[in-house]
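The chain contents come next:
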Amino acid sequence: MGLTVVGSIALDTVETSAGKNADGLGGAATYFALAASHYTQVHLVGVVGDDFPQEHIDLLGAKGIDIEGLERVEGKTFRWSGRYHDNINARDTLDTQLNVFEHFKPELPEAAKNAKYLFLGNIHPSLQLEVLRQARPEFVALDTMNLWIDTTRKELEEALAKIDCLIINDEEIFELTGERNLVRGVHKIQDMGPSIVAPKKGQHGCLLFVKNKIFSAPAFPMAEVIDPTGAGDTFAGGFMGYIAQQDSVDYDTLKRAVIHGSVVASYTCEEFSVDRIALVTQEDIDRRFDAFVDLSRF
Ligand code: AMP
């Protein structure tokens, strides 16, 4: 079975109203893998530089994540820095240094190629297409961002035609489709390829469109958000991890997967970097899953 993720592994410097955290472990693939490792065997594919602390690699290994596809090359690790507004839903990117990520050419080891489930993190669409050429998955989800929608639309559309599920935020839907109405925007995306679309709405939760069905999940109401960086990637990790664990993409499984994604994403927001998600236990997941059921059942 198994689940492969390809994406950024980063050192993030983040400022929120709770303070500042410099050079913390981050990156979309990191958050995804830590979340998904609770559910299934994860194969991580990415690149770091020779400045990447060994303790981070040890952490990923200790979580049972297969790091054969984690390249370590000469140079500096990808760095991203951001500052959140008082409204924690909004942030400014202060700096992005691609460093070793600039020349990243994903090379999937055999186990990563053979995984039944694949998540293409937010990287250049031509790299996402390269991964699709190498891998033999049965179910593929993809994440993207405004930059790729604006600058590499042709490659992105080529990738969208080949995938099953798009995880995206609502602003990006508008950017991709020109459609200000979310439902109509999602329908346009479904016409481009993925039959499943999960629009993330930050602290307002997430929707799930599966063909002509729609499911709505809240975000876990939190009195204090320390750092929401990586919440979207953690969501994707819980969502895909649960699907891979259940080895099913029927509608009921997909709905529960959205709740699992929301559960793990809420933990990521409780501390800077991966400090909370790295400590989450099965019991934490079960407890918050039950709280979600209470929250939304009527
Ligand atoms: P999120 O908060 O879900 O948007 O994810 C933030 C994570 O994405 C951070 O840990 C960053 O290191 C990473 N990130 C930010 N910009 C990029 C980019 N251009 N390409 C890949 N990863 C990025």
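Residues numbered from 1 in each chain as written. Predicted model: local features only at pLDDT ≥ 70, side-chain atom pairs only at ≥ 80, totals over all residues. Heavy atoms only, no water.

**A closer look at the overall build of the protein**
Here is step 1: A count of helical and extended segments in the protein gives 11 helices and 13 strands.
Here is step 2: Taking 298 residues into account, the globule formula puts the C-alpha radius of gyration at 19 Å, and the protein, at 18 Å, falls close to it.
Here is step 3: Projected onto its principal axes, the C-alpha positions of the protein cover 50 × 45 × 35 Å.
Here is step 4: Going through the 298 residues of the protein one by one, you find that 56% of them count as buried.
Here is step 5: Intrachain contacts of the protein at a sequence separation of at least 6 include 61% that bridge at least 24 residues.
Here is step 6: Counting only carbon and sulfur atoms, one obtains 47% of the accessible surface of the protein, whose full area is about 12,800 Å².
Here is step 7: Each charge sign in the protein was given a centre, from 28 positive and 45 negative side chains, and these centres are 5 Å apart. (Helix = DSSP H or I, 4+ residues; strand = E, 2+ residues; numbered from the N terminus. Rg over C-alpha atoms; globule rule 2.2 N^0.38 Å. Buried < 20%, exposed > 50% of the residue type's maximum accessible area, 1.4 Å probe, protein only. Contact = heavy atoms within 4.5 Å. Areas by Shrake-Rupley, 256 points an atom, 1.4 Å probe, with all protein chains shown as cover. Lys, Arg positive; Asp, Glu negative; His and termini not counted. Charge placed at Lys NZ, Arg CZ, Asp CG, Glu CD.)

**With respect to the packing of helix H7 (residues 170–177) against helix H8 (residues 182–192)**
Here is step 1: At their nearest, the axes of H7 and H8 sit 9 Å apart, and the two run at 60° to each other. It follows that H7 is oblique to H8 by the angle criterion. Considering only the axes of H7 and H8, their crossing is left-handed. Residues Asp 170, Ile 173, Phe 174, Leu 176 and Thr 177 of H7 lie in contact with H8, whose contacting residues are Leu 182, Gly 185, Val 186, Lys 188, Ile 189 and Met 192.
Here is step 2: In terms of residue class, the contact of H7 with H8 is built from 7 nonpolar, 2 polar and 2 charged. (Axes fitted to C-alpha atoms, helices over the stretch in contact; angles between N-to-C directions. Parallel < 35°, antiparallel > 145°, perpendicular 65-115°, else oblique. Left-handed = near helix turned anticlockwise from the far one by under 90°. Nonpolar A, V, L, I, M, F, W, Y, C, P; charged D, E, K, R; others polar.)

**Here's the deal with the packing of aromatic side chains**
Here is step 1: This model, assessed by the stated rule, comprises 7 aromatic pairs.
Here is step 2: Where Tyr 39 meets Tyr 242, the ring centres are 6.3 Å apart and the plane angle is 90°; that geometry is what we call edge-to-face. Separated by 203 residues along the polypeptide, Tyr 39 in the loop between helix H1 (28–36) and strand E4 (42–48) and Tyr 242 in helix H9 (residues 231–246) bring together distant segments of the chain. With respect to burial, Tyr 39 and Tyr 242 carry one shared label: buried.
Here is step 3: Judged by centre distance (6.1 Å) and plane angle (55°), the rings of Tyr 117 and Phe 139 are tilted. Of this pair, Tyr 117 sits in strand E8 (residues 117–120) while Phe 139 sits in strand E9 (residues 139–143), and the two are 22 residues apart along the sequence.
Here is step 4: For Phe 139, a relative accessible area of 6% translates into the label buried.
Here is step 5: These aromatic residues form a ring-pair network of at least three members: Phe 78, Phe 101 and Phe 104.
Here is step 6: Lying over the aromatic face of Tyr 251, Lys 213 brings its terminal NZ or CZ to 5.1 Å of the ring centre.
Here is step 7: The residue whose ring lies beneath Arg 288 is Tyr 267, and the NZ or CZ to ring-centre distance is 4.0 Å. (Phe/Tyr/Trp six-rings, centres within 6.5 Å; stacked < 30°, edge-to-face > 60°. Lys NZ or Arg CZ within 6 Å of the ring centre and 35° of its normal.)

**Some points on the sheet that holds strand E7 (residues 91–97)**
Here is step 1: Reading across from one edge, E3-E2-E6-E7 is the order of the 4 strands in this open sheet, with mixed pairing throughout. At either margin of the open sheet sits one strand with a lone partner, and together these are strand E3 (19–26) and E7. Neighbouring strand axes in the sheet, compared pairwise and without regard to direction, differ in orientation by 15° on average.
Here is step 2: Taken strand by strand, H1 contacts strand E2 (10–16) and E3, and its axis lies near 75° from that of E3. (Pairing = 2+ DSSP bridges.)

**Re the sheet that holds strand E10 (residues 165–169)**
The pairing of strands in a sheet happens through backbone hydrogen bonds and is either parallel or antiparallel.
Here is step 1: Taken together, the 9 strands give an open sheet; going across it, the order is E5-E4-E1-E8-E9-E10-E11-E12-E13, and neighbouring strands pair in mixed fashion. This sheet does not close on itself; its edge strands, each paired only once, are strand E5 (66–72) and strand E13 (213–217). Strand-to-strand, the axes of this sheet are offset by a mean angle of 15°, without reference to chain direction.
Here is step 2: When E9 meets E10, the two strands line up parallel, connected through 3 bridges. Bridge assignment links Asp 143 to a residue of E10, and that residue is Ile 167.
Here is step 3: Contacts between H1 and the sheet are confined to strand E1 (3–6), E4 and E8, with E1 contributing the most and set at about 160° to the helix.

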